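Read off the chains here:
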Amino acid sequence: ATKWRGGNEQKFMGEGQMFKGKLIGVLEVQEARGDRMCQDALQELKTAIKASGEHKQTILINIAVDGLKIRDEKTGDCLYHHPMHKISFIAQDMSDSRAFGYIYGSPENGHRFFGIKTEKAAGQVVVAMRDLFQVVFELKQKEIDDALRKMDKDKRDMLPHHSSSSMQPNSAHLAVSAPPPPTSFPDGIPVPASAGGCAAGGPASGALSDLLGLENELTSIQAGIRQTD
């Protein structure tokens, strides 16, 4: 997996992959996922833009490690910036090989569907987004692994230092186990034993909060990988 990522990660550095297209429109949707919902949203946006008589806005689509950016082609201004862990669904237009859309958002703030007409085959953009999901997934795994190791080290640094001759017989129970390998934790991030004894808002609780946030992002990205596959 690491070797695979090494060949793809560089493609998404900086501005990443760039594609030309036109923004069909943006529409609020009720769910985070659903192919039929996406097809209906695409048709509704197409009908609305046609009825208005307006030209679609010409855009550049940048797909990079820090997310998907939609820029105005003429000015270069960033119109939208969407981190990958908040992109919950991607759908190609069943009636047009040069159109696709994706859903972005969260349960707290709602979901919006972005319909895009691509200059070339929309499948090229979808494949790039799928590859980026995989790269970001592996980068997030590494972040979790590093965070767990840091929490483990911080815990050991907080323990009182004893010489071997003065250690109590039961002090071996204070030994800290190695962090689990980077993966998804179905029951949530394992909490180090020392975290419970720290005051709320202290360094350990802040690190744990960051870790839980990473785990949530990892779970979202996993769902994106499964859907694009």
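Source: prediction; values computed, not measured.

Aromatic ring pairs: the centre-centre distance and the angle between the two ring planes describe each pair. For the coordinates displayed, the defined rule picks out three aromatic pairs. Where Tyr102 meets Phe114, the ring centres are 5.4 Å apart and the plane angle is 10 degrees; that geometry is what we call stacked. In this pair, Tyr102 is assigned in strand β6 (residues 99-106) and Phe114 in strand β7 (residues 110-118), connecting sequence segments 12 residues apart. The same class applies to Tyr102 and to Phe114, which are both buried.

Ile63, Ile87, Phe100, Tyr102 and Met129 are the most contacted members of the largest nonpolar core, which has 25 residues in total. At the level of elements, β1 (17-29), β2 (57-64), β3 (67-72), β5 (87-92), β6, β7 and α3 (122-158) are the ones that each hand at least two residues to this core. Discounting chain neighbours no more than four positions away, the residues touching Met129 are Ile63, Leu68, Met84, Ile87, Ile90, Phe100 and Tyr102. Ranked by size, the runner-up nonpolar core spans 12 residues in total, among them Leu27, Val29, Leu42 and Ile103.

Moving on, we come to the pairing of β1. Relative to β2, β1 runs antiparallel, the two sharing seven bridges. Note on β2: the bridge partner recorded for Met18 is Asn62. In this sheet, β7 lies alongside β1 in antiparallel orientation, the contact comprising eight bridges. The partner of Gly21 across the bridge, within β7, is Thr118.

For Arg71, the position within the fold is in strand β3. On the basis of relative accessible area, Arg71 is assigned to the buried category, the value being 16%. Filtering out sequence-adjacent residues up to four positions away, Arg71 remains in contact with Glu15, Thr58, Ile59, Leu60, Asn62, Gly76, Asp77, Cys78 and Leu79.

On to the pattern of salt bridges, then. Inspection of the entire model under this criterion finds nine salt bridges. Between Asp66 and Lys69 there is a salt bridge, with its nearest N and O atoms 3.3 Å apart. Look at Asp66 and you get partly exposed, because its relative accessible area is 38%. In this structure Lys69 comes out as buried when scored by relative accessible area, which is 16%. Two residues, Asp96 and Lys117, come together in a salt bridge whose shortest N-O distance is 2.5 Å. Taken as a pair, Asp96 in the loop between β5 and β6 and Lys117 in strand β7 lie far apart in primary sequence, 21 residues in all. For Asp96, a relative accessible area of 18% puts it in the buried group. The partly exposed category is assigned to Lys117, whose relative accessible area is 22%.

What counts and how
- Residues numbered from 1 in each chain as written.
- Predicted model: local features only at pLDDT ≥ 70, side-chain atom pairs only at ≥ 80, totals over all residues.
- Heavy atoms only, no water.
- Phe/Tyr/Trp six-rings, centres within 6.5 Å; stacked < 30°, edge-to-face > 60°.
- Helix = DSSP H or I, 4+ residues; strand = E, 2+ residues; numbered from the N terminus.
- Buried < 20%, exposed > 50% of the residue type's maximum accessible area, 1.4 Å probe, protein only.
- Core = buried A, V, L, I, M, F, W, Y, C linked by side-chain atoms within 4.5 Å.
- Contact = heavy atoms within 4.5 Å.
- Pairing = 2+ DSSP bridges.
- Salt bridge = Lys/Arg side-chain N within 4 Å of Asp/Glu carboxyl O.

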